[in-house]
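Here is how the chains run, residue by residue.
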Amino acid sequence: MTEGAGGEPILRLRALSTGYQGSQVLWDVDLDVAAQQVLAIIGRNGVGKTTLLATIMGVQPASGGEVWLGGEDISALPPAKRARAGLAYVPQGRHIFPQLTVEENLQTGLSALGTRGSAREGVPGFVYDMFPKLADLRQRKGGFLSGGEQQQLAIGRAMAGRPRVLLLDEPTEGIQPNIVQHIEQALTEAARTMGVTVVVVEQYLDFVWRFAHRYVAMNRGRIVADGATAGIDAAQAAAHISI
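Residues numbered from 1 in each chain as written. Predicted model: local features only at pLDDT ≥ 70, side-chain atom pairs only at ≥ 80, totals over all residues. Heavy atoms only, no water.

Turning our attention to the layout of surface pockets. Roughly 500 Å³ of internal volume is contained in the largest pocket. Along the walls of the largest pocket sit 24 residues, with Met-57, Ala-83, Tyr-89, Ala-112 and Arg-157 positioned nearest its centre. Taken together, the residues that form the lining of the largest pocket break down as 15 nonpolar, six polar and three charged. Approximately 220 Å³ is the volume found for the second largest pocket. In this structure, the second largest pocket is lined by 15 residues; those nearest its centre are Asp-129, Met-130, Phe-131, Pro-132 and His-182. Take the lining of the second largest pocket: its biggest share by element is eight residues, from helix 7 (residues 177-194). (1 Å grid on protein atoms, 1.4 Å probe; cavity = no way out; pocket = protein on both sides within 12 Å on 5 of 7 lines; lining within 4 Å. Points joined across faces, edges and corners; volume = space filled by probe spheres on them. Nonpolar A, V, L, I, M, F, W, Y, C, P; charged D, E, K, R; others polar. Helix = DSSP H or I, 4+ residues; strand = E, 2+ residues; numbered from the N terminus.)

Encoded structure:
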């Protein structure tokens with residue numbers, strides 16, 4: 001898998017900061033992520049990993065700093081416009097629409113295409129190629145899917161908008177091992193064949209270490225370590241979870 005092309009980073013954060021009700025959570029985070037790179041963000045609970053993804057997406061307002069996507073400053077854009085620019089976000093809890101069918105859920109992801117495509121084309125075939133189970137279940141309502149199927153649906157919906165950068169928060173949480181393997185394969189293919197950059201927050205290090213090129217570790221709202229996954233194994237990386 002390509003570790004990312006040279007030149008301008010596809011995602012760039014500069015002095016990104018935020019907080020909740022007067023309590024600072026992120027402190028001047030600087031980060032560059034190359035195109036087609038898979039980046040794992042690790043660290044113990046409560047250090048700001050989820051907040052970082054939410055702030056990149058614009059769901060959590062920044063108190064300072066900048067977010068750049070493909071050389072464009074998107075710091076002032078609301079989440080919907082960031083999605084149309086090519087940023088996709090799969091939060092914890094999946095947040096699918098339980099009363100909509102699988103296909104209808106996937107169709108909602110097409111709104112992110114903006115000027116990059118037409119929603120009239122329907123759900124792209126590659127989504128069902130990534131997750132064949134969804135093709136079998138396309139007329140089933142989301143609320144009747146298993147947790148693993150719902151996670152595949154949430155990722156598939158994000159991918160339907162053909163994102164340039166995919167943000168994932170704990171995609172393996174509560175998922176059976178065989179589904180985790182399917183998700184790993186799908187994300188690997190998305191990065192390798194579709195050029196999608198993946199930024200994933202994950203506690204299951206054995207999973208993420210198999211396909212991530214790079215990791216950053218966070219502590220107390222700051223990045224405290226940054227390196228290639230090839231230079232450190234998952235057992236060594238686990239020390240950052242207990243900081």
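Alright, that's what it looks like, and here's the rest.
Moving on, we get to the packing of aromatic side chains. Inspection of every chain in the model, using the stated rule, returns three aromatic pairs. Relative to Phe-207, the ring of Tyr-204 lies with its centre 6.1 Å away and its plane at 25 degrees, an arrangement referred to as stacked. Here Tyr-204 falls in the partly exposed class, since its relative accessible area comes to 38%. Assessed through its relative accessible area of 0%, Phe-207 is described here as buried. Consider the rings of Trp-209 and Tyr-215, whose centres lie 5.4 Å apart with planes at 40 degrees: the pair is tilted. There is no split in this pair, since Trp-209 and Tyr-215 are both buried. An aromatic cluster is defined as three or more aromatic residues linked by ring pairs; in this entry it consists of Tyr-204, Phe-207 and Phe-211. The ring of Tyr-128 is capped by Arg-138, whose NZ or CZ atom sits 4.2 Å from the centre of that ring. (Phe/Tyr/Trp six-rings, centres within 6.5 Å; stacked < 30°, edge-to-face > 60°. Buried < 20%, exposed > 50% of the residue type's maximum accessible area, 1.4 Å probe, protein only. Lys NZ or Arg CZ within 6 Å of the ring centre and 35° of its normal.)

Right, let's talk about the pairing of strand 9 (residues 214-219) for a bit. On a regular strand, each side chain points to the face opposite its neighbour's, so the side chains alternate between the two faces of the sheet. Burial analysis of strand 9 places six of its six residues in the buried class, the great majority of the element. Residue alternation in strand 9 divides its side chains into two sets, Arg-214, Val-216 and Met-218 and Tyr-215, Ala-217 and Asn-219, and both sets are buried. Pairing between strand 3 (residues 38-42) and strand 9: four bridges, direction parallel. Within the sheet, the bridge partner assigned to Ile-42 lies in strand 9 and is Ala-217. Two elements, strand 9 and strand 10 (residues 222-228), share six bridges in a ladder whose sense is antiparallel. For Asn-219, the partnering residue across the bridge sits in strand 10 and is Arg-222. In this structure, the hairpin formed by strand 9 and strand 10 is closed by a connection of two residues, where Arg-220 is found at a positive phi of approximately 55 degrees. (Pairing = 2+ DSSP bridges.)

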